[in-house]
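What follows is each chain in one-letter form.
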Amino acid sequence: LINREETISTPSSVKFTNVVDITNNDIYIEGFPEKSDQVIDILESFTQDLLTYYQTNVALPLRPILEEIYVANRVGSCRAQYLEKISYETPWYNEQSSYTIISLDTIQLSKDCYSVKLTRGYESDACESEGECTCKETRVARTTGDSVKIYDFTESIYTFNLETVTVTATTQGCTSQGASSNLRLETVLKDTASLHVDLGGTSAESLGSILSPSTIDNLEDIRDIVMWDIGNRPCLAIANGRTTPQLTVYELQGGSWVLNTMIDMDAEISRMSTVVFRKTENEENLEVVHLYISKNDTLEVYEWTYNENTATLASGTLIQTVMTPGLSAMQAFQFKPSETSQNMIVIAVAYEIEMNLILSSVIDFYEYSVTDGEYIFVNDDKRHTFFVESPITKMEARKISDYMNLVISTQKKIQLYNFLPNYGLDFVSEYEAGASDLVDWAWFQDAVPRTDSEDKISSIIFLIKESQETRTTETLRIGVDGKISIPDLVYKPNDLGF
């Protein structure tokens, strides 16, 4: 049909394979005006009825429901209430007593995905240099639902997953005290602009650029390694040395790790931790990293700042030293008590003190004051919390309810607390190991059978105990009451103009 009149006697057999322009006045369909009016009337009536139904049964009831959810989420209805024993199988742990458990740590990657690192040690004669020879092995496992991937290494492994890079740091498996060792770094630069999927479903090749492995030499007895991002610049801090303790910080520049800071320490570093936050100072936006260094009787706080206005990075400086005689555990955390309040940056420090001829443990809480530029005692009634049992061996803080929750362990028991602003620690529940000693524990989230929990994802504490050189395990579930589990709304009344 090209520019000519045509009578179509069988409309169902006509197909237009290209764009055809026809004016309405040139088309005649038998009975069209009457049928068209009927169709339009039917569509108008249906649309009006559908709109009335939506307003009456969806939009109007949705507003008070949203208000109830808003109020319920803010009146503190979600509370950690108790600890209970459950049966739980872990494919990444076997009860062998031929090695020493050095550490057990977990990282929660998503609601049902976590990574666990189990570091084991044993004595050996495989060291090249003289002296007491200690070997370390590392087991890294990644659990997602029913899928578990386990990797065993004959070296000590540190893995880091930051916003800009992923780094695997490897140290020698067997070292003697005082001997020099090296650190091998395998770095992958992430392509953050195109990475829009969960890391669990990607490979190293799809993350970005893989850098050539690099090595940091002449490190004596690596104690701990931490990493952070500041101003999109990855930094790596290494605590090493017993005879000459040092803190060395490296920064990734142009695909190479270069020295940023080197600080000599007066005592051996036992542990490090970091917190990253933002603040405004002299009308300038700063990204701040606090590095906490635990020693035997002090806790030192070092600060790195990145000025977003001038795009400059200031090297680490010591801003505060907290005296903590007999320091045994430390935990730094930040949380937002309410929607309108500022983030609280808190460090909990556990140390031993003798009172009335009894050696007890004390936990002090310090909060960072932006005005003072240092940590001060929190404004709590229970800023000092005393424990009869001593020492406190480990602390971890996570927000699994309306409050920040702390799990604290001694040699014989593990306790669950709420941390309440302007109050301090509020006891929730505890578990006693009986005749056994607690070796270590890990806190993570995973799915458990419905016979053990009504929640799809539960907070779990996995314990390793030892009695008369025999190791056993126990699993505790943190019971949380009042949790509201409602999926996010896809359509909201305000978005549709109602």
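This text goes with the structure placed above it.
Sequence order as written defines the numbering, with residues in each chain counted from 1. Note on the predicted model: pLDDT of at least 70 is required for a residue's local features to be given, and 80 or more for side-chain atom pairs to be given and counted; whole-chain, interface and lining totals, by contrast, use all residues. As a convention, hydrogens and water are excluded, and side-chain values are obtained from all of the structure's heavy atoms.

Here we look at the overall build of the chain
So, point 1. Helix and strand content of the chain: two helices and 31 strands.
So, point 2. Taking all 498 residues of the chain together, 42% fall into the buried category. Helix numbers and strand numbers start at the N terminus; a helix is a DSSP run of H or I with at least 4 residues, a strand a run of E with at least 2. Here the term buried applies to any residue with accessible area under 20% of the maximum for its type, exposed to any over 50%, and partly exposed to those in between, with areas from a 1.4 Å probe on protein chains only.

So, the side chain of arginine 79
So, point 1. Secondary-structure assignment places arginine 79 in strand β1 (residues 79–86).
So, point 2. In protein, a polar contact means a hydrogen-donor-capable atom and an acceptor-capable atom, both N or O and within 3.5 Å, with residues adjacent in sequence counting only if both atoms are side-chain atoms; elsewhere, any N or O pair within 3.5 Å suffices. Separated by 2.8 Å, the side chains of arginine 79 and tyrosine 403 make a polar contact.
So, point 3. Those residues within four positions of arginine 79 in sequence are excluded, and the remaining contacts are Ser401, Asp402, Tyr403, Gly479, Val480 and Asp481. Every residue pair with non-hydrogen atoms within 4.5 Å of one another is taken to be in contact.

Observations regarding the pattern of salt bridges
It is possible for side chains bearing opposite charge to pair when their charged atoms get close.
So, point 1. Think of a salt bridge as a Lys or Arg side-chain nitrogen and an Asp or Glu carboxyl oxygen that are within 4 Å of each other. Applying the stated criterion across every chain yields a total of 21 salt bridges.
So, point 2. Put simply, arginine 477 and glutamate 84 hold a salt bridge, and the shortest N to O gap is 2.7 Å. Of this pair, arginine 477 sits in strand β31 (residues 470–481) while glutamate 84 sits in strand β1; the two residues are 393 residues apart in sequence, bridging distant segments of the chain.
So, point 3. The exposure class assigned to arginine 477 is buried, which follows from its relative accessible area of 5%.
So, point 4. A relative accessible area of 25% places glutamate 84 in the partly exposed class.
So, point 5. What you see here is one network of salt bridges that share partners, running through Arg120, Glu137, Arg139 and Asp152.

A look at the pairing of strand β4 (residues 133–144)
So, point 1. Bridge analysis of strand β3 (residues 113–123) against β4 gives 11 bridges, and the strand direction is antiparallel. Residue pairing for β4: glycine 121 is matched across the bridge by lysine 136.
So, point 2. Pairing of β4 with strand β8 (residues 174–176) involves three bridges; the strand directions are antiparallel. Bridge pairing in β8 links threonine 134 to threonine 175. Note on pairing: two strands pair once DSSP finds at least 2 bridges between them.

Topic: the side chain of lysine 413
So, point 1. Residue placement: lysine 413 occurs in strand β27 (residues 413–420).
So, point 2. Looking at lysine 413, the relative accessible area reads 14%, which means it is buried.
So, point 3. Residues contacting lysine 413, with those up to four places away along its chain left out, are Glu389, Ile408, Glu430, Tyr431, Glu432 and Leu438.

Quick notes on unusual backbone geometry
So, point 1. One non-glycine residue, asparagine 232, lies in the positive phi region at around 60 degrees.
So, point 2. The exposure class of asparagine 232 is exposed, given its relative accessible area of 64%.
So, point 3. Residues other than glycine seldom take positive phi values, yet glutamate 469 does so here, at roughly 65 degrees.
So, point 4. Examined against the element boundaries, glutamate 469 turns out to sit in the loop between β30 (458–467) and β31.

Observations concerning the packing of aromatic side chains
So, point 1. Stacked, tilted and edge-to-face pairs are distinguished by plane angle, under 30 degrees for stacked and over 60 for edge-to-face with tilted covering the rest, among Phe, Tyr and Trp rings (Trp via its six-membered ring) whose centres lie within 6.5 Å. If you walk through the whole model with that rule in mind, you get 15 aromatic pairs.
So, point 2. A ring pair is formed by tryptophan 228 and tryptophan 304, whose centres lie 5.1 Å apart and whose planes are at 55 degrees; its orientation type is tilted. Note that tryptophan 228 is positioned in strand β12 (residues 222–230) and tryptophan 304 in strand β18 (residues 298–307), a separation of 76 residues in sequence.
So, point 3. Its relative accessible area of 1% is what places tryptophan 228 among the buried residues.
So, point 4. On the basis of relative accessible area, tryptophan 304 is assigned to the buried category, the value being 0%.
So, point 5. Ring plane angle 80 degrees and centroid distance 5.6 Å describe the contact between phenylalanine 333 and phenylalanine 419, whose orientation is recorded as edge-to-face. On the criterion of sequence distance, the pair formed by phenylalanine 333 in strand β20 (residues 327–335) and phenylalanine 419 in strand β27 is long-range, its members being 86 residues apart.
So, point 6. Classification of phenylalanine 419 as buried rests on a relative accessible area of 0%.
So, point 7. One aromatic cluster is present, built from ring pairs that chain together Tyr88, Trp92, Tyr93, Tyr114, Phe444 and Phe462.
So, point 8. Here the basic side chain of arginine 120 rests over the ring of tyrosine 99, its NZ or CZ set 5.0 Å away from the ring centre. Either the NZ atom of lysine or the CZ atom of arginine qualifies as a charge over a ring when it sits within 6 Å of the ring centre and within 35 degrees of the ring normal.

By themselves, these are just geometric observations and shouldn't be taken as functional.
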